[in-house]
Amino acid sequence: MYRYDEFDATMVAERAAQFRGQVARRLSGELSEDEFKPLRLMNGLYLQLHAYMLRVAIPYGTFSSRQMRRLAHAARKYDKGYGHFTTRQNIQYNWPALVDVPDLLDDLAEVEMHAIQTSGNCIRNVTSDQYAGAAADEVEDPRPWCEIIRQWSTFHPEFSFLPRKFKIAVTASDNDRAAVRVHDIGLRLHKNEAGETGFEVIVGGGLGRTPYVGHTIRDFLPKEHLLSYLEAVLRVYNLEGRRDNMYKARIKILVNAEGADHFREMVEEEWAQVNQPGIDLPREEVDRIHDYFEAPAFETLPANSTTLEERRATNREFARWLRVNTVAHKAPGYAIVNISLKPIGGIPGDISDTQMEAVADLAEQFSFDEIRATHEQNLVLPHIRKDDLYGVWAALKAAGLATANIGLVSDIIACPGLDYCTLANTRSIPIAQRISERLADLDEQEALGELKVKISGCINACGHHHVGHIGILGVDKKGEEFYQVTLGGSAAEDASIGEIVGRGLSSGDVVDAVEKLVEFYKKERKDGERFLDVYRRLGADPFKEALYEAA
Amino acid sequence: MKAITANALQDGAVVYLGDDDQWTPHLSSAARFEDGDAKDVLAAACSRIEEITEAYLISVDDSGAIIGRETIRETIRKGGPTVRLDLGLQAESCG
């Protein structure tokens, strides 16, 4: 697992001490808000509608019980007893006081956590597959490469003032759970014909007001050249990316203005010039970082558990949770457990301090002390013995964390929206809650199959609506909240940007609209077809008709 | 008419400039200004950097109620998140 070396410990402690001084100078009036704002943003501290908001990094979504307990402590001591997991595998606190933030950061630093790379125009916290190191379908654990990227990118002097923020995601599976095609750079570890693993390098994807699916500029980059190649991409972007207009400053605008082929040439030319041996890590260092991620000491177990099968046969609710929320593990006798933070009618991604502690206890006792945060605002216990699944389920249920809806219609991504966010035009969370309540029946949800609903409260698209099978975008019309529906998006390996299907709907009508779309899908689907498959087969028109007929 | 709102520097809480020239969490205690005067009052308020941050004007009617196209946003700021009625000023008024 990820751990600090002496450099990290020193860097984080120094950064926390530096920020303590900056906060003191702001409170005394020595610094104006204009002077202080860039400093607080470099430390993950935003000002939202009701209070400050601190975004804490969870590098590639991997953390320990000790860290989770400290997050619970911070929620209790400095916030209002809860935290919010985001679409970037981070956690946000919605209510910390500025005067308390230095102490909060010190508390986090004690467990090797911080808010670095969670804001500002730098390379942000790198994200990855939440099943990394556990998934049966991965080529290898992507996290050592995430950690290498993290070390390289943290406080990188050349890339601390980029034209805009920059997000890198890494997956090592053909089933893309890290949305690599809609990131500034997406990296997919895969095997070439010679059986070697390397990276497909995808650039220029992104959501926001100008959504794009990324372009592959390298099918196969040998792993040892990862950093020098990334450096070349970042240099081209840093030099050529637009700085005159913040809405056109992301790399996706540059890639699409130049064309993918020309952008590739620019990168290759730069790459030929950069000091590759000086940037790429020596073999020993790569090995040393890989050692951090040594697989846990899995027991040798039979593939199937008889105690599990007995429970499955006699407990319908447990059997459903097994079907929906657990995933195949690479080690026989183990399973990956998803913890839904989307209770029916709940707030997507929110978790209380006591729930955090319940998860920490389970991870410590049953999952080799590992927890993962997902970009879909859920949590994962990556390594659970099948024999322990019933006990884990019972404990999660007692904590209100056993909703069996992973990947189903109520597993909704929603940004904080106008309930918290200064940028939002409309609320998102209440729409998620009402859709979840309207389609609450879990039998029905399971029968519908995979259906990804994603909701953003403004064009910045933090709720990923562009890549929702059903996407919902809130727009302000003369002071009223309206919602525009998009269909056919996907953030997975079959990435696509959803199409707007028609005029905006009121908050009440948009919930009806989702129900109509679901009904239409049920009528039209053939064996095994997901909502997205039917949409792609039939196209937008019949769905539009279903949505707006006799409305 | 206008009122002046901001976030308190120390904890980020929503505040309004009151009749006594002090910051208050209650919109009902906020001073109201004619549109023509509001800009100057705001400029003075913005200079109080040890007390507040992000001060700006909001539109209110004669009775002090929020009006205009930012009504939803300012109503949420005034009371708290509509999805957590146990938080923010709205929680206190429930009790």
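Residues numbered from 1 in each chain as written. Chains lettered and ligands numbered in written order. Predicted model: local features only at pLDDT ≥ 70, side-chain atom pairs only at ≥ 80, totals over all residues.

S.K.: Explain the pairing of strand S2 (residues 52–56) of chain A here, please?
M.R.: Remark: a regular strand shows side chains that alternate across the two faces of the sheet. Residues and elements named next belong to chain A. Of all five residues making up S2, five are buried, and the element is well covered by its neighbours. Burial of S2 is two-sided: the residues Tyr52, Leu54 and Val56 facing one way and the residues Met53 and Arg55 facing the other way are all buried. Examined bridge by bridge, strand S1 (residues 45–47) and S2 share three bridges and lie antiparallel to one another. Bridge pairing in S2 places Leu45 opposite Leu54. Where S1 folds back on S2, the antiparallel hairpin that results is connected by four residues. One ladder, built from three bridges, connects S2 with strand S5 (residues 91–93); its direction is antiparallel. Bridging across to S5, Arg55 finds its partner in Gln92. (Buried ≥ 20, exposed ≤ 12 C-beta atoms within 10 Å, placed from the backbone. Helix = DSSP H or I, 4+ residues; strand = E, 2+ residues; numbered from the N terminus. Pairing = 2+ DSSP bridges.)

S.K.: What's the story with unusual backbone geometry in this structure? I'm lost.
M.R.: Negative phi is the rule for most residues except glycine; trans is the rule for most peptide bonds. Look at Ala179 of chain A: it is not a glycine, yet its phi comes out positive at around 55°. The topology assignment puts Ala179 of chain A in the loop between strand S7 (168–171) and strand S8 (185–191).

S.K.: Teacher, can you tell me more about the interface of chain A and chain B here?
M.R.: How large an interface is tends to be reported as the accessible area lost when its parts come together. Opposite the 24 residues of chain A that make contact, chain B presents 24 residues. The greatest single-element share of the side of chain A that touches chain B, amounting to three residues, is contributed by helix H15 (residues 429–438) of chain A. Grouping the constituent residues of the side of chain A that touches chain B by class yields 13 nonpolar, five polar and six charged. (Contact = placed C-beta atoms within 7 Å. Nonpolar A, V, L, I, M, F, W, Y, C, P; charged D, E, K, R; others polar.)

S.K.: Mind showing me how you'd approach the sheet that holds strand S1 (residues 2–8) of chain B here?
M.R.: The strands that make up a sheet pair up through hydrogen bonds in the backbone, lying either parallel or antiparallel. Residues and elements named next belong to chain B. Taken together, the four strands give an open sheet; going across it, the order is S3-S2-S1-S4, and neighbouring strands pair in antiparallel fashion. The two strands at the open ends of the sheet, each matched to only one other strand, are strand S3 (23–24) and strand S4 (52–59). For S1 and S4, the ladder comprises six bridges, and the chain directions are antiparallel. In the strand pairing of S4, Ala8 is matched with Ile52. Along the sheet face, helix H1 (residues 35–46) touches S1, strand S2 (14–17) and S4 and points at about 20° away from the line of S1. (Axes fitted to C-alpha atoms, helices over the stretch in contact; angles between N-to-C directions.)

S.K.: Sorry if this is basic, but what is going on with the pairing of S2 of chain B here?
M.R.: Residue and element names in this part refer to chain B. Across the two faces of S2 the burial is the same, with Val14 and Tyr16 and Val15 and Leu17 all buried. Of the strand pairs in this sheet, S1 and S2 are connected by three bridges, and their pairing is antiparallel. Note on S2: the bridge partner recorded for Asn7 is Val14. Where S1 folds back onto S2 in an antiparallel hairpin, the turn is made up of five residues, including Gly12, whose phi is positive at roughly 80°. Where S2 and S3 come together, two bridges link them in antiparallel fashion. Across the sheet, Tyr16 pairs through a bridge with Thr24, a residue of S3. Following S2, the chain reverses through five residues before pairing antiparallel with S3; Asp21 in that reversal takes a positive phi of roughly 70°.

S.K.: What's the story with the domain arrangement of chain A in this structure? I'm lost.
M.R.: Residue and element names in this part refer to chain A. You can read the domains of chain A as domain 1 (6–110), domain 2 (142–292), domain 3 (306–398) and domain 4 (414–548). For domain 2 versus domain 4, the distance between C-alpha centres works out to 31 Å. Opposite the 11 residues of domain 2 that make contact, domain 4 presents 12 residues. Here the side of domain 2 that touches domain 4 is built from residues that sort into five nonpolar, two polar and four charged. (Domains from an automatic or database assignment.)

S.K.: Quick question: what am I supposed to make of the packing of helix H1 (residues 6–27) of chain A against helix H4 (residues 101–110) of chain A here?
M.R.: The packing of two helices is summarised by the inter-axis angle and the distance between the axes. All names here are of chain A. Orientation of H1 relative to H4, taken along the N-to-C sense of each, is 175°, at an axis distance of 9 Å. One way to sum up the angle between H1 and H4 is to call them roughly antiparallel. In this structure, H1 uses Val12, Ala13, Ala16, Phe19, Arg20 and Val23 to contact H4, whose residues at the interface are Val101, Pro102, Leu105, Asp106 and Ala109. Among the residues forming the contact of H1 with H4, the class breakdown is nine nonpolar, no polar and two charged. (Parallel < 35°, antiparallel > 145°, perpendicular 65-115°, else oblique.)

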